[in-house]
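In case you want the letters, here they are:
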Amino acid sequence: MKILKKIIEPTIEIIFKDYNLEFHDYKNLIQIPRDTDVCDLCIPCFSLSKILKKSPIQIAEEIASKAKKIIGEDISISSINGYVNFYSDPKWLIKKIILEKYEFFEDDPKSKILIEHTSANPNGPFHVGRARNAILGDALVRLNRDYGNSVQAEYYVDDMGKQVGILAWAIENLTKEEIEKALQREGIEELNPMWKNKEDHVRVRWYQAANILRKDNLKIESELNEMINKSEEGDTEVLNQFYNAFQPILDGMLETLSKLGIKYDSFTNESQFIIDGSVSKIMEELKSSELYGVAENGAKYLELESKGVSGKSTKFFYQRGDGSSLYATRDLAYHKWKWTKSDKLINVLGEDHRLQSKQVSIALNELKIKSPEVIFYAFIKLPEGKMSTRKGNVVFMDDLIYEAEELALEILSQRKMGIEKSQAMNIAKSVASSAIRFNILKVSPEKGFTFKWEDALSFDADSAPFIMYSHARSCSIKKKVDNLEYIENNIDLNNIELNDSISKLLRTIMRYEDSIEKSVKENKPNHFCSYMLELSAAYNAFYRDCTIINENEVNNLFFKVSEYSRKIINRGCTALGIIPLDSM
RNA sequence: GGGCGCAUAGUGUAGUGGAUAUCACGCUGGCCUUCUAAGCCGGCAACCGGGGUUCGAAUCCCCGUGUGCCCGCCA
């Protein structure tokens, strides 16, 4: 819609000047209507009514008639119910978008962004709940890249402290028999043979067992504490031991994510900030904060009551009595470091981190460091309650992907008899990963939902396969046309009648930029998901009404529009992490 | 006890001040001799309750109800 706005804005500026209105203040009145069938852009005149002392209806009429004189016939302008409506002529759209090859986001300022997402403790395989973080984060990375921003996708590896310590201790001290006995006692299911060679599934059992055994065992607890303390001091031997324990798990986790098309540009270890001394420096600097306080045993904190934090405890501890740092302290050092890498920071966090994030934000403020943008997402529950890796009450992402692939294969075998096996597998994999991603992305992040196999495996109209199918149709047309002796000739727009379907498709394409921009600015991939469904539906209607190949004759204009749509759908799929297949 | 999120057809969801509240599942009636029916066209059905602000509220404010998360010198 930017292309249309560019035409309208100067005109409206002139008209507003006649009313003695400062255009800058009222620029935002030009907006996309909620119902995009009504028009492309509109100006609601209700707020002008008071200032101009006229009825909105009268104002809309005046603006419309003035604008008509300036803008001409490419855009039809009308006034209804106090709105000025702008509706672009489809032929003008063809000329501007298709024939003159309009480039998206050409004039927008671009920035350098670091998006930190997932950062899950490397102690076990991804379950569906933890994966929401990765899927959301990766979509933000892709959307920002589509917009033109330069993005670094970052995974913060928790390579020290309790979680990893427990794992490392278990692997060092427990035999397979011991852990299986402990797990059986607690009723944790046996390892699925399908994942018996995937280390995240194998080693998580040591982690779970250690959590059971240490409950009433002081000896284990003291051994553990010793290791954890050493790791927090930056002891390289212990950190190495930790690394050896968790890295195979992390590799397994990343393998799962790569099945979903999720990759990172950089991994940063938490211990780095202990080793390079930046954590100590932060702790030193915080002493000069007005919020600084010391507990009886020498532990240090910031008192956050005056900053709007309330509850049982308003103290934000950043240093223990023994002088060691805490997770949050390291997070402060980490943020300081991140700002050296980019102009904008985005973190993706679960809603359980809301308070923590606020505390970190205030502390950063005290250190004169900017806060990051944070996108919070609610948890995915199971019908029987919260998912927990420790308790083994989870749906593994690996299982979900497997089930989705099987279902896709089954549907494919019904639809396409005699399809080659490797090709079928490739399609099934793409459908499965795209559908799983989309089913999570289409829901607004702050909304919690209950996992249901039926919904997660939905390949129906409100899903990625719907979009992929439109894309495959456009590819199929391209293939057919390529096989014909097709001669591209000039299109004479004067002698063509255009129907509603093609017009709607073009107008939907025109909103691509607005939709990406909104998703990027508000960090809400679900906006763009809705848009892609709309775009695909618009293409399907065009496909129905505008026959491109008729008895080996190619309709030049329709083919050009189809090709343009194909590229846009393809681009939009990539921006969401949906795999745009040529055939399915 | 306190804080923070969320509440829209039977179900799941879109929509953060404006035009007849979106889309899908579901239920229901139609469309394959025409470029892939994972598709298309039609029908049914909803803003948690109560106040307030506003020319105008699903949207903003207050109270209530329900629900989730958090309030560790854990990560």
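Owing to the predicted nature of the structure, the values given are computational and were not obtained by experimental measurement.

Criteria and cut-off values
Residues numbered from 1 in each chain as written. Chains lettered and ligands numbered in written order. Predicted model: local features only at pLDDT ≥ 70, side-chain atom pairs only at ≥ 80, totals over all residues. Heavy atoms only, no water. Near = heavy atom within 4 Å. Polar contact = N/O pair within 3.5 Å; in protein donor to acceptor, adjacent residues only side chain to side chain. Helix = DSSP H or I, 4+ residues; strand = E, 2+ residues; numbered from the N terminus. Nonpolar A, V, L, I, M, F, W, Y, C, P; charged D, E, K, R; others polar. Phe/Tyr/Trp six-rings, centres within 6.5 Å; stacked < 30°, edge-to-face > 60°. Lys NZ or Arg CZ within 6 Å of the ring centre and 35° of its normal. Pairing = 2+ DSSP bridges. Axes fitted to C-alpha atoms, helices over the stretch in contact; angles between N-to-C directions. Core = buried A, V, L, I, M, F, W, Y, C linked by side-chain atoms within 4.5 Å. Buried < 20%, exposed > 50% of the residue type's maximum accessible area, 1.4 Å probe, protein only. Contact = heavy atoms within 4.5 Å. Arc of directions from axis to C-beta. Domains from an automatic or database assignment.

### Topic: the protein's contact with RNA strand B
Turning to step 1, where the next piece is worked out: Around RNA strand B, the structure places 69 residues, and the nearest of them are Arg-34, Tyr-83, Arg-415, Tyr-469 and Tyr-543.
Turning to step 2, where the next piece is worked out: Within 4 Å of the protein, atoms of RNA strand B come from sugar and phosphate in 66% of cases.
Turning to step 3, where the next piece is worked out: Glu-351 has a polar side-chain atom sitting 3.3 Å from a sugar or linking oxygen of RNA strand B.
Turning to step 4, where the next piece is worked out: Between RNA strand B and Ser-476, the relevant distance is 2.5 Å, taken from a phosphate oxygen to a side-chain nitrogen or oxygen of the residue.
Turning to step 5, where the next piece is worked out: Contributions of two or more residues to the surface near RNA strand B are made by helix H3 (46-52), strand E3 (83-88), helix H7 (162-173), helix H14 (327-339), helix H15 (354-366), helix H16 (397-415), helix H19 (464-483) and helix H22 (525-545).
Turning to step 6, where the next piece is worked out: Residues that form the surface near RNA strand B fall into these classes: 28 nonpolar, 19 polar and 22 charged.

### Considering the packing of aromatic side chains
Turning to step 1, where the next piece is worked out: On inspection of all chains with the given rule, the structure shows 24 aromatic pairs.
Turning to step 2, where the next piece is worked out: Through a chain of ring-to-ring contacts, three or more aromatic side chains come together here, namely Tyr-102, Phe-104, Phe-105, Tyr-147, Tyr-512, Phe-528 and Tyr-531.
Turning to step 3, where the next piece is worked out: Over the ring of Tyr-19 we find Lys-66; its NZ or CZ atom is 4.5 Å from the centre of that ring.
Turning to step 4, where the next piece is worked out: Looking at Lys-370, its charged tip hangs above the ring of Trp-339, at a distance of 4.4 Å from the centre.

### Points about the sheet that holds strand E8 (residues 300-303)
Turning to step 1, where the next piece is worked out: One open sheet accounts for three strands, arranged E7-E8-E9; its pairing is antiparallel. What marks the edges here is a single partner per strand, and that holds for strand E7 (292-294) and strand E9 (315-319). Looking at each pair of strands side by side, their axes are set apart by 35 degrees on average, direction ignored.
Turning to step 2, where the next piece is worked out: Relative to E9, E8 is paired through four bridges, and the arrangement is antiparallel. Paired with Tyr-301 across the two strands is Phe-317, which belongs to E9.

### Observations regarding the nonpolar core
Turning to step 1, where the next piece is worked out: By size, the foremost hydrophobic cluster in this structure holds 157 residues, and its most contacted members are Ile-12, Ile-63 and Phe-86.
Turning to step 2, where the next piece is worked out: Other than its neighbours up to four places away in sequence, Ile-63 contacts Ile-12, Ile-15, Phe-16, Tyr-19, Cys-45, Leu-48 and Val-84.
Turning to step 3, where the next piece is worked out: Counting residues in each nonpolar core, the second largest holds 28 residues, with Leu-239, Leu-286, Leu-291 and Tyr-334 among its members.

### Considerations on helix H8 (residues 176-185)
Turning to step 1, where the next piece is worked out: Among the residues making up H8, those that are buried are Ile-179, Ala-182 and Leu-183. The buried residues of H8 occupy an angular sector of 95 degrees when the element is viewed end-on, so they sit on one face. Residues of H8 that are exposed and point over 90 degrees away from its buried face: Glu-177, Lys-181, Gln-184 and Arg-185.
Turning to step 2, where the next piece is worked out: Phi for Gly-187, located one or two positions after H8, is positive at around 75 degrees.

### Concerning the domain arrangement of chain A
Turning to step 1, where the next piece is worked out: The domain boundaries assigned to chain A delineate domain 1 (2-88), domain 2 (161-263) and domain 3 (397-576).
Turning to step 2, where the next piece is worked out: When each unit is reduced to the centre of its C-alpha atoms, the spacing between domain 1 and domain 2 is 63 Å.

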